[in-house]
Amino acid sequence: MRKPIMAGNWKMYKTPTEAEDFVKALAPQVKDVQDKVILLCAPATALQKLSEAAVGTNIFIGGENLFWEDEGAFTGEISAPMLKAVGCSYVIIGHSERRQYFGETDETVNKKLKAAIKHNLNAIVCVGETLVQREANETFKVIEKQIKDGLSGLATRDWGLVTIAYEPVWAIGTGKTASPEQAQDVHAHIRKLLPKEIGNDVRILYGGSVKPENVKELMAKPDIDGGLVGGAALKVESFVKLIKY
Ligand code: PGA
């Protein structure tokens with residue numbers, strides 16, 4: 001069975017102190033939750049404090065990006081061993097904002113994914129089409145390329161560390177959610193693209209304006225295994241509602 005993940009993606013929000021306060025308020029409210037993985041992905045500067053605050057709770061911590069080398073002259077970058085050293089067990093790779101503003105491609109996604117796997121970090125690899133691509137009926141074609149190139153060259157055992165997030169770019173931060181049917185269509189298609197022997201075990205999260213009002217109908221779909229949540233994960237109250245939908 002695929003245990004659902006409810007993941008917050010804080011993007012460029014929250015100082016270390018704000019992150020710590022968030023976990024202190026969140027932890028007692030979700031301490032009995034066993035049927036989902038609870039994950040907070042935060043800016044690098046907040047990770048240390050965040051994971052210290054999460055010790056002894058059922059909250060996992062993740063980075064929002066990584067570089068594929070372990071160390072070296074790469075000013076401004078952060079590696080998989082560095083994320084692990086501050087208590088991360090997950091990392092987001094290839095978010096559409098990174099593709100759009102920071103030049104990430106399926107090739108860099110693939111290098112980052114392999115670096116995460118090498119260091120035993122769970123990777124959440126993001127894919128998704130733009131509005132122009134959806135309107136041109138290219139959604140499946142775009143996703144197919146992102147999956148084929150971004151997730152190429154993995155051994156069967158590597159897939160245990162892989163989660164995919166389908167995030168239609170037109171639904172991120174816009175208040176426009178894909179309908180549960182639209183999301184399910186793409187999720188089922190993604191699952192068909194995965195190697196047969198692991199396809200049913202890989203979690204596929206939906207992201208893009210997930211909120212307490214729509215989480216239940218999204219999660220009711222058979223191939224939606226959780227959410228990658230931006231805006232609604234910034235407040236404890238709404239994140240709790242998402243976890244306990
Ligand atoms: P949103 O962001 O929930 O604010 O739409 C989702 C994401 O970008 O991961």
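Note that the coordinates shown come from a computational prediction; the quantities given were computed from them, not determined experimentally.

Asker: Pulling in residues and values, what's your account of the overall build of the chain?
Answerer: For the chain, the helix and strand inventory stands at eleven helices and eight strands. Against the globule reference of 18 Å for 245 residues, the chain gives a C-alpha radius of gyration of 17 Å, in line with a compact fold. Taken over the C-alpha atoms alone, the chain extends approximately 45 × 45 × 35 Å along its principal axes. Taken over 245 residues, the chain has a buried fraction of 53%. Here the analysis covers contacts within the chain between residues at least 6 apart in sequence; of these, 72% occur between residues at least 24 apart. Approximately 11500 Å² of the chain is accessible, and the part contributed by carbon and sulfur atoms is 53%. Across the chain, the 31 positively charged side chains and the 31 negatively charged ones have centroids separated by 2 Å.

Asker: Give me the site of the ligand: which residues, what numbers.
Answerer: Around the ligand, the surrounding shell holds 13 residues, and the nearest of these are K11, H95, E167, G173 and S209. Residue H95 places a side-chain N or O atom 2.7 Å away from an oxygen atom belonging to the ligand. Note that an oxygen atom of the ligand is positioned 2.7 Å from one of the backbone N or O atoms of G173. Protein chains shield 94% of the accessible area of the ligand, which is 280 Å² for the free molecule. Its residues assigned to classes, the shell around the ligand shows four nonpolar, seven polar and two charged.

Asker: Lay out the nonpolar core with the relevant residues and their values.
Answerer: Membership of the largest hydrophobic core comes to 66 residues, with the highest contact counts inside it found for L26, I59, I164 and F239. Of all the elements, helix α1 (residues 16–30) adds the most residues to this core, at six residues. Every residue in contact with F239, bar those within four places of it in the chain, is listed here: M6, A7, G8, F22, L26, I38, L39, L40, A232 and A233. The next biggest cluster of nonpolar side chains, apart from the first, holds twelve residues, and it includes I5, L39, I92 and I124.

Asker: Tell me about helix α2 (residues 44–54), and name the residues and values.
Answerer: Restricting attention to buried positions, one finds in α2 the residues A46, L47, L50, S51 and A54. Around the axis of α2, the buried residues are gathered within 130 degrees of arc, so they sit on the same side. The elements touched by buried residues of α2 are α1, β2 (37–41), β3 (59–63) and α3 (80–85). Downstream of α2 by one or two residues, G56 has phi in the positive range, about 80 degrees.

Asker: Report on the pairing of strand β7 (residues 203–207), specifying residues and quantitative values.
Answerer: Of all the five residues making up β7, five are buried; the element is thus mostly covered by neighbouring parts of the structure. Of the two faces of β7, the one carrying R203, L205 and G207 and the one carrying I204 and Y206 are both buried. Pairing of strand β6 (residues 162–166) with β7 involves four bridges; the strand directions are parallel. Each residue of the ladder has a partner; that of T163, found in β7, is R203. Relative to strand β8 (residues 226–229), β7 runs parallel, the two sharing two bridges. From the neighbouring strand, Y206 faces β8, where its bridge partner is G227.

Asker: Go over the pattern of salt bridges with me, naming the residues and quoting the values.
Answerer: Summed over the entire model, instances satisfying the criterion amount to 16 salt bridges. Among the ionic pairs, D149 bridges to K148, the shortest N-O distance being 3.7 Å.

Asker: I'd love a proper account of the sheet that holds β2, names of residues and values included.
Answerer: The strands that make up a sheet pair up through hydrogen bonds in the backbone, lying either parallel or antiparallel. Read once around its circumference, the closed barrel built from eight strands follows the order β1-β2-β3-β4-β5-β6-β7-β8, with strand pairing classed as parallel. When the angles between neighbouring strand axes are averaged without regard to direction, this sheet yields 25 degrees. One ladder, built from four bridges, connects β2 with β3; its direction is parallel. Paired with L39 across the strands is F60, a residue of β3. Packing against the sheet, helix α8 (residues 180–193) makes contact with β5 (122–127), β6 and β7, and its axis sits at approximately 150 degrees to β7.

Asker: Please set out the packing of aromatic side chains residue by residue, giving values where relevant.
Answerer: In this structure the tally under the stated criterion is seven aromatic pairs. Taking the centre distance of 6.3 Å and the plane angle of 45 degrees together, the rings of F22 and F239 count as tilted. With F22 in helix α1 and F239 in helix α11 (residues 236–243), this residue pair connects regions lying 217 residues apart in the sequence. Side by side, F22 and F239 carry an identical accessibility label, which is buried. Cluster of aromatic residues (ring-pair linked, three or more members): W10, F22 and F239. Directly above the aromatic system of W10 lies the positively charged group of K14, at a separation of 5.2 Å from the ring centroid.

Conventions and cut-offs
Residues numbered from 1 in each chain as written. Predicted model: local features only at pLDDT ≥ 70, side-chain atom pairs only at ≥ 80, totals over all residues. Heavy atoms only, no water. Helix = DSSP H or I, 4+ residues; strand = E, 2+ residues; numbered from the N terminus. Rg over C-alpha atoms; globule rule 2.2 N^0.38 Å. Buried < 20%, exposed > 50% of the residue type's maximum accessible area, 1.4 Å probe, protein only. Contact = heavy atoms within 4.5 Å. Areas by Shrake-Rupley, 256 points an atom, 1.4 Å probe, with all protein chains shown as cover. Lys, Arg positive; Asp, Glu negative; His and termini not counted. Charge placed at Lys NZ, Arg CZ, Asp CG, Glu CD. Near = heavy atom within 4 Å. Polar contact = N/O pair within 3.5 Å; in protein donor to acceptor, adjacent residues only side chain to side chain. Nonpolar A, V, L, I, M, F, W, Y, C, P; charged D, E, K, R; others polar. Core = buried A, V, L, I, M, F, W, Y, C linked by side-chain atoms within 4.5 Å. Arc of directions from axis to C-beta. Pairing = 2+ DSSP bridges. Salt bridge = Lys/Arg side-chain N within 4 Å of Asp/Glu carboxyl O. Axes fitted to C-alpha atoms, helices over the stretch in contact; angles between N-to-C directions. Phe/Tyr/Trp six-rings, centres within 6.5 Å; stacked < 30°, edge-to-face > 60°. Lys NZ or Arg CZ within 6 Å of the ring centre and 35° of its normal.

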